[in-house]
Amino acid sequence: MSDPYSNLGAQDTALQERIADAMEARCLEPAQIAIRKAYLGSLNLAHDAIALELGSGTGHVTKDLLDVAGAASAHGIEPSPVMVARSQTSFAADDRLSFSIGDAKNTGFEDETFDLVVMHTLLCHVPSPNDVLQEAFRLLKPGGVLAVCDGDYSTATAQIADFDPLDQLVRFMIDQNVTNLWIMRQISGMLSNVGFRLEARTGHGYVAESEAKYFLTVIERGADRMCEEAILFSETAEALKAEARRRVAADTFFGFMSYVSQVAVKP
Ligand SMILES: C[S@@+](CC[C@H](N)C(=O)[O-])C[C@H]1O[C@@H](n2cnc3c(N)ncnc32)[C@H](O)[C@@H]1O
């Protein structure tokens, strides 16, 4: 199965809803909010800045472009109708925010429309990330800022001891749901080639918090995929999911992944 996030609008509604639930849980975790604050909070935008999030999911990061980055208005582009409907419902009261269905490679906006473009865990899912970077370069005004943040997926783990079987679920989940594991190790060179000037590159360690709401979705989706692929019997998959929930209840669950952010400017 190819990464469903790379073509989410074409997936069945139940899968889009499941992924939207996972994204919502991730967005709301304080440790994830802290990562977004760390790289969006020091961009020094003008007070009338117009921002765009490409791959806006459930819209929480787009909202951060106002509250954390200080933009005056922000738009989110996202191919999944389920995600766009959720973001429009969640943020209906804020007329500085808007969302539409679209493709980050070909947004339809005019050249030099935006002061800030953000891609938060988008590029790892795009088979041709260079096309998205070129579109962002076209959309930014001269002096405009691009901020990219994504996981460094080979670091994802739930392992608490040698041969811990829960870690296999995390590894399988990543294998099945990420197109490019190495995107943040490649991004600086890609941005330079497109014409961006590189600014801050920062690493962010994410440790799942006590309830591990997002990391449990990773374990559960990994177990279910192993079941669909006939690697596990359903009873085994359910037992491993129960093991993860028991660890959370017993305060022995551990989940970790590094994220990396890279800020760049269009000269
Ligand atoms: C991991 S989610 C992140 C969503 C949001 N940025 C967040 O952090 O909550 C990745 C999102 O990128 C979207 N996506 C994938 N390919 C895309 C493309 N070509 N153009 C725009 N969005 C895309 C997916 O539909 C998905 O909602």
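Use the structure listed above.
Everything numeric in this text was worked out from a predicted model, so none of it was measured.

(A) Region of interest: the sheet that holds strand β3 (residues 97-101). Taken together, seven strands build an open sheet; the order of strands is β3-β2-β1-β4-β5-β7-β6 and the sheet is mixed. The open sheet has two free edges, formed respectively by β3 and β6 (197-207), since each of these has just one partner strand. With direction set aside, neighbouring strand axes in the sheet form an average angle of 15°.

(B) Expanded view of helix α2 (residues 30-40). Turning to α2, its buried residues number three or more, namely Ala31, Gln32, Ile35, Arg36, Tyr39 and Leu40. Within α2, the buried residues cover an arc of 160° as seen down the axis, which keeps them to one side. Among the exposed residues of α2, those pointing more than 90 degrees away from its buried face are Pro30 and Lys37. For α2, the elements touching its buried residues are α1 (13-28), α3 (60-67), β4 (114-120), β5 (140-157), β6 and β7 (256-265).

(C) The environment of His125, seen in detail. You can see His125 is positioned in the loop between β4 and α5 (129-139). With a relative accessible area of 9%, His125 lands in the buried category. The spacing of His125 and Ser6 is 119 residues in sequence and 4.9 Å in space, taken between C-alpha atoms. Residues in contact with His125, not counting those within four places in the same chain, are Asp3, Tyr5, Ser6, Asn177, Val178 and Thr179. Among the polar contacts listed, one links the side chain of His125 to the side chain of Asp3, at a separation of 2.8 Å.

(D) Molecular detail of the environment of Arg138. Mapped onto the fold, Arg138 is located in helix α5. Distance in space between the C-alpha atoms of Arg138 and Trp182 is 25 Å, their sequence separation being 44 residues. With sequence-adjacent residues up to four places away left out, Arg138 is seen in contact with Thr107, Gly108, Phe109, Glu110, Asp111, Glu112 and Lys266.

(E) Representation of the layout of surface pockets within the structure. Estimated volume of the largest pocket: approximately 510 Å³. Lining the largest pocket are 32 residues, with Tyr5, Gly55, Glu78, Pro79 and Leu122 sitting closest to its centre. Taken together, the elements giving at least two residues each to the lining of the largest pocket come down to α1, β1 (50-54), α3 and β2 (73-78). Top element by residues in the lining of the largest pocket is α1. It accounts for three residues. Of the residues belonging to the lining of the largest pocket, the class tally is 14 nonpolar, 13 polar and five charged.

(F) Structural view of the packing of aromatic side chains. Under the defined criterion, the tally for this structure stands at seven aromatic pairs. For the pair Tyr206 and Tyr259, a centre-to-centre distance of 6.1 Å together with 80° between the ring planes defines the contact as edge-to-face. Here the residue Tyr206 occupies a position in strand β6, and Tyr259 occupies one in strand β7, the gap between them amounting to 53 residues. We classify Tyr206 as buried; its relative accessible area is 0%. By relative accessible area, which is 1% here, Tyr259 ends up buried. One aromatic cluster in this structure is built from Tyr206, Tyr214, Phe215, Phe253 and Tyr259. The aromatic ring of Tyr214 is capped on one face by Arg26, whose charged end is 5.7 Å from the ring centroid. Between Lys266 and the ring centre of Phe137, over which it is positioned, the NZ or CZ distance is 4.8 Å.

Basis of the calculations
Residues numbered from 1 in each chain as written. Predicted model: local features only at pLDDT ≥ 70, side-chain atom pairs only at ≥ 80, totals over all residues. Heavy atoms only, no water. Pairing = 2+ DSSP bridges. Helix = DSSP H or I, 4+ residues; strand = E, 2+ residues; numbered from the N terminus. Axes fitted to C-alpha atoms, helices over the stretch in contact; angles between N-to-C directions. Buried < 20%, exposed > 50% of the residue type's maximum accessible area, 1.4 Å probe, protein only. Arc of directions from axis to C-beta. Contact = heavy atoms within 4.5 Å. Polar contact = N/O pair within 3.5 Å; in protein donor to acceptor, adjacent residues only side chain to side chain. 1 Å grid on protein atoms, 1.4 Å probe; cavity = no way out; pocket = protein on both sides within 12 Å on 5 of 7 lines; lining within 4 Å. Points joined across faces, edges and corners; volume = space filled by probe spheres on them. Nonpolar A, V, L, I, M, F, W, Y, C, P; charged D, E, K, R; others polar. Phe/Tyr/Trp six-rings, centres within 6.5 Å; stacked < 30°, edge-to-face > 60°. Lys NZ or Arg CZ within 6 Å of the ring centre and 35° of its normal.

Take it as geometry only, folks, not as evidence of what the structure does.
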